[in-house]
Amino acid sequence: MYPVWEGFLIHSAMVVGIIAVAHVLFSHVTVAATWFNWWVERKALVENKPYLQDYLKASALRLLMLAYTLGAMFGVGIWFSVTASNPRSISTLIHNFVFYWAAEWFWFIIDVFGIAVYYYTFGRVSPKTHARIGLILALAASGTLAIIVGILGFKLTPGAWLETGLSLDGFYNPSFWPMLLARFALMFALTALYALVVAGSLPKDHPARQEVMPLAGKVGLVGLALGVALVVFWYVPSLHEHAKTMLRLPQAIQPVFYIKMAVGVIATGLVLLLALLAPRRVGAPLGYLALALAFLGLFGAERTREVLRKPDVIYGYMASNQIIYAEKAPRGVKAEAPRLNEEGILGRMPFAVAPGAKGAGPTAGLDPVEAGRALVALQCSSCHTVSKNTAFLGGLRPLPALLKRRGMTTAPAIRAYLEAIGGFPYMHPTVGTPEEREYMALYLERMVKEFFPELKAEGGAQ
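Structural notes, computed from the coordinates. These numbers come from a predicted model, not from an experiment. (Residues numbered from 1 in each chain as written. Predicted model: local features only at pLDDT ≥ 70, side-chain atom pairs only at ≥ 80, totals over all residues. Heavy atoms only, no water.)

1. Things to note about the overall build of the chain
Next, step 1: Each helix and strand in the chain was counted, giving 17 helices and 4 strands.
Next, step 2: Looking at the chain residue by residue over its 462 residues, the buried ones come to 53%.
Next, step 3: A separation of at least 24 residues holds for 74% of the contacts in the chain among residues at least 6 apart in sequence.
Next, step 4: Within the structure as shown, the chain displays about 20,600 Å² of accessible surface, and the carbon and sulfur contribution to it stands at 68%.
Next, step 5: Here the chain contributes 40 positive and 28 negative side-chain charges, whose respective centroids are spaced 10 Å apart. (Helix = DSSP H or I, 4+ residues; strand = E, 2+ residues; numbered from the N terminus. Buried < 20%, exposed > 50% of the residue type's maximum accessible area, 1.4 Å probe, protein only. Contact = heavy atoms within 4.5 Å. Areas by Shrake-Rupley, 256 points an atom, 1.4 Å probe, with all protein chains shown as cover. Lys, Arg positive; Asp, Glu negative; His and termini not counted. Charge placed at Lys NZ, Arg CZ, Asp CG, Glu CD.)

What follows is the structure, encoded as structure tokens:
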């Protein structure tokens, strides 16, 4: 087993989520902005409107200095954070898609160098040549999107890969096309908000501002409507039954995430409609506010998509706690749970997370509570706060509160609860020997009483 990273103050899953959503926001804006700018540049050429160049230069400078830079940095942040939080799943992705990622980097290099070339060649090459540079940039940006969508979709809907183990089956998974086209459409809504920010920074009487505002409103509204329709009528129906079940379970996806998505969509739609009908009333501050609300909606959507595959990190293959549960795993890989139930987990944890459990094992003379802490961290911390290390602002689905709410505050009651886990669609059964489950119960009892000291007095526990 790999080491376990719970996080510091903030749960590791939240760290990954914040970084990933920020990357999604910046990367989606940049991809669609390259197409939008190419269209505006063509418009300037065909309709002889040279003043649109002022908007294009302002947009390209912000893309170069802000969106591309931050997007790339958050992209690197994703690699660091997911590798630390779930190294085994990343290993699986690399073993299946290493050449796809190589291809993505090919497009990415064109993309990041392309935006610099695009900006610094304004006025230095002919307008037609510059528009062609913009088209190459847009194609390269779209190439990165298509490859990443295939890998992202694989984690939720691996499809035939579960039987064949072929990477092409995993890449062109059941949700690949609906997710690709839905993201491509929704990106234009985000880019339209970005265009409002850029155009709103131009002088009020600048003709480019007056022309780009309604244009962005129109493009953004079409993208938003088309994207939402693709999600509702194609993407969601393409999901497997487990994901559809999770969508209906408030224990898995709290209503607040649907509210966030609705707020993001409605706010984006209203601002874009205002830009279309009354462009003079829209300025950069409103664009920033709309982008912030869109970020909220995006966070709700990405978080929901992540939860749909729970309790797995790769649906039907590997659980969030990095244990392989698949009975018919591809490529000759065998399910690990039966063996771990028979032989135990502690002996397979060279990177024990607690000093007291370093020599953990049934015959190692270990501290049972610390051994329990190591086992709980391994099996539960990918989805729950299991110690005060990550209890900032209440933590993520805090296990102490959950156990207290269900009246499981003593080791025997918790042990019985651990035995029952597996009856919910969003949880796998607890893994380990009966003795190890006892260790887990002892730690969980201590943890509950650390979080709720009043229980010590009530029960007389230590």
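2. Looking at unusual backbone geometry
Next, step 1: In this chain, lysine 310 is followed by proline 311 through a cis amide linkage whose omega measures 10°.
Next, step 2: Take proline 311: it is sitting in the loop between helix 11 (284–307) and strand 3 (312–314).
Next, step 3: Phi angles above zero are rare outside glycine, and leucine 9 is one such case at about 65°.
Next, step 4: Looking at the element boundaries, leucine 9 is found in the loop between strand 1 (7–8) and strand 2 (10–11).
Next, step 5: Residue leucine 9 is classed as partly exposed on the basis of its relative accessible area, which comes to 43%.
Next, step 6: The residue asparagine 48 is not glycine, and still its phi comes out positive at about 55°.
Next, step 7: By relative accessible area, asparagine 48 is classed as exposed at 63%.

3. Looking at the nonpolar core
Next, step 1: Membership of the largest hydrophobic core comes to 93 residues, with the highest contact counts inside it found for Phe36, Tyr55 and Leu196.
Next, step 2: Sorting elements by how many residues they give to this core places helix 7 (residues 176–200) first, with 15 residues.
Next, step 3: Look past the residues within four positions of leucine 196 in its chain and what remains in contact with it is Met213, Ala216, Val271, Leu272, Ala275, Val282 and Ala284.
Next, step 4: With 35 residues, the next largest nonpolar core counts Ala371, Leu402, Leu444 and Val448 among its residues. (Core = buried A, V, L, I, M, F, W, Y, C linked by side-chain atoms within 4.5 Å.)

Remember that the coordinates give geometry; whether it matters functionally is a separate question.
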